[in-house]
Amino acid sequence: QVQLVESGGGLVQAGGSLRLSCAASGRTFSRYTMGWFRQAPGKEREFVAVVPGSYGSTFYADSVKGRFTISRDNAKNTVYLQMNSLKPEDTAVYNCAARDSPFGSRRLNDYGYWGQGTQVTVSS
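Residues numbered from 1 in each chain as written. Predicted model: local features only at pLDDT ≥ 70, side-chain atom pairs only at ≥ 80, totals over all residues. Heavy atoms only, no water.

*Asks:* Talk me through the pairing of strand 9 (residues 92-99); I want residue IDs and the actual numbers.
*Replies:* For strand 9, the buried fraction is high: seven of the eight residues fall into the buried class. Looking at chain direction, strand 4 (residues 33-39) and strand 9 are connected through seven bridges and run antiparallel. Bridging across to strand 9, Arg 38 finds its partner in Tyr 94. By the bridge criterion, three bridges tie strand 9 to strand 11 (residues 118-123) in an arrangement that is antiparallel. Bridging from a neighbouring strand, Val 93 pairs with Gln 119 of strand 11. (Buried < 20%, exposed > 50% of the residue type's maximum accessible area, 1.4 Å probe, protein only. Helix = DSSP H or I, 4+ residues; strand = E, 2+ residues; numbered from the N terminus. Pairing = 2+ DSSP bridges.)

*Asks:* With reference to specific residues and values, describe the sheet that holds strand 1 (residues 4-7).
*Replies:* Strand pairing in a sheet is mediated by backbone hydrogen bonds. Such pairs are either parallel or antiparallel. Here we have four strands laid out as an open sheet, ordered 1-3-8-7, and antiparallel in their pairing. Whereas interior strands pair on both sides, the edge strands pair on one side only; in this sheet they are strand 1 and strand 7 (68-73). Between one strand axis and the next, the sheet turns through 15° on average, direction left out of account. As defined by bridge partners, strand 3 (residues 18-24) adjoins strand 8 (residues 78-83) across six bridges and the pair is classed as antiparallel. Within strand 8, the position partnered with Leu 20 by the bridge is Leu 81. (Axes fitted to C-alpha atoms, helices over the stretch in contact; angles between N-to-C directions.)

*Asks:* Run through the pattern of salt bridges, naming residues and quoting values.
*Replies:* According to the stated counting rule, one finds six salt bridges in the structure shown. Between Asp 90 and Arg 38 there is a salt bridge, and its shortest N-O distance comes to 2.9 Å. Placement of Asp 90 in the loop between strand 8 and strand 9 and of Arg 38 in strand 4 is noted, with a sequence separation of 52 residues between them. The exposure class of Asp 90 is buried, given its relative accessible area of 1%. Arg 38 sits in the buried class, given a relative accessible area of 6%. With a closest N to O distance of 3.2 Å, Asp 110 and Arg 107 form a salt bridge. Note on Asp 110: relative accessible area 22%, which makes it partly exposed. (Salt bridge = Lys/Arg side-chain N within 4 Å of Asp/Glu carboxyl O.)

*Asks:* Lay out the state of the cysteines in plain terms, naming residues and giving numbers.
*Replies:* Enumeration according to the criterion identifies one disulfide in this entry. Disulfide pairing is shown between Cys 22 and Cys 96; the S-S distance is 1.9 Å. Torsion about the S-S bond of the Cys 22 and Cys 96 cystine: about 45°, corresponding to right-handed handedness. Taken as a pair, Cys 22 in strand 3 and Cys 96 in strand 9 lie far apart in primary sequence, 74 residues in all. Judged by relative accessible area, which is 0%, Cys 22 ranks as buried. (Disulfide = S-S within 2.5 Å.)

Have a look at this one:
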């Protein structure tokens with residue numbers, strides 16, 4: 001069982017930066033693949049970025065590639081999402097999610113554990 005708690009959201013102007021954090025409970029955090037997803041008002045939840053537990057490398061949605069960076073600190077049981085050059089279209093509730101697999105995935109249904117989300121609002 002994994003519990004996830006996000007933090008770091010807020011209101012920022014276009015072009016600004018935010019860093020989201022997701023703290024996980026449990027002793028086996030390093031084996032979990034961790035992903036970030038987001039849901040804008042009136043839209044479906046979408047994949048943002050993933051950092052695998054053991055195999056493979058990070059990958060990103062095309063819409064955030066080059067602007068967002070996902071990373072993890074296994075000693076702190078925490079995954080981060082550094083968001084730079086933010087745009088109004090990045091406004092959404094951001095959720096982190098955990099998948100009990102060493103392989104990354106873009107699919108929502110592959111993740112069994114979800115945080116409650118943190119709001120990111122980018123003003124123009």
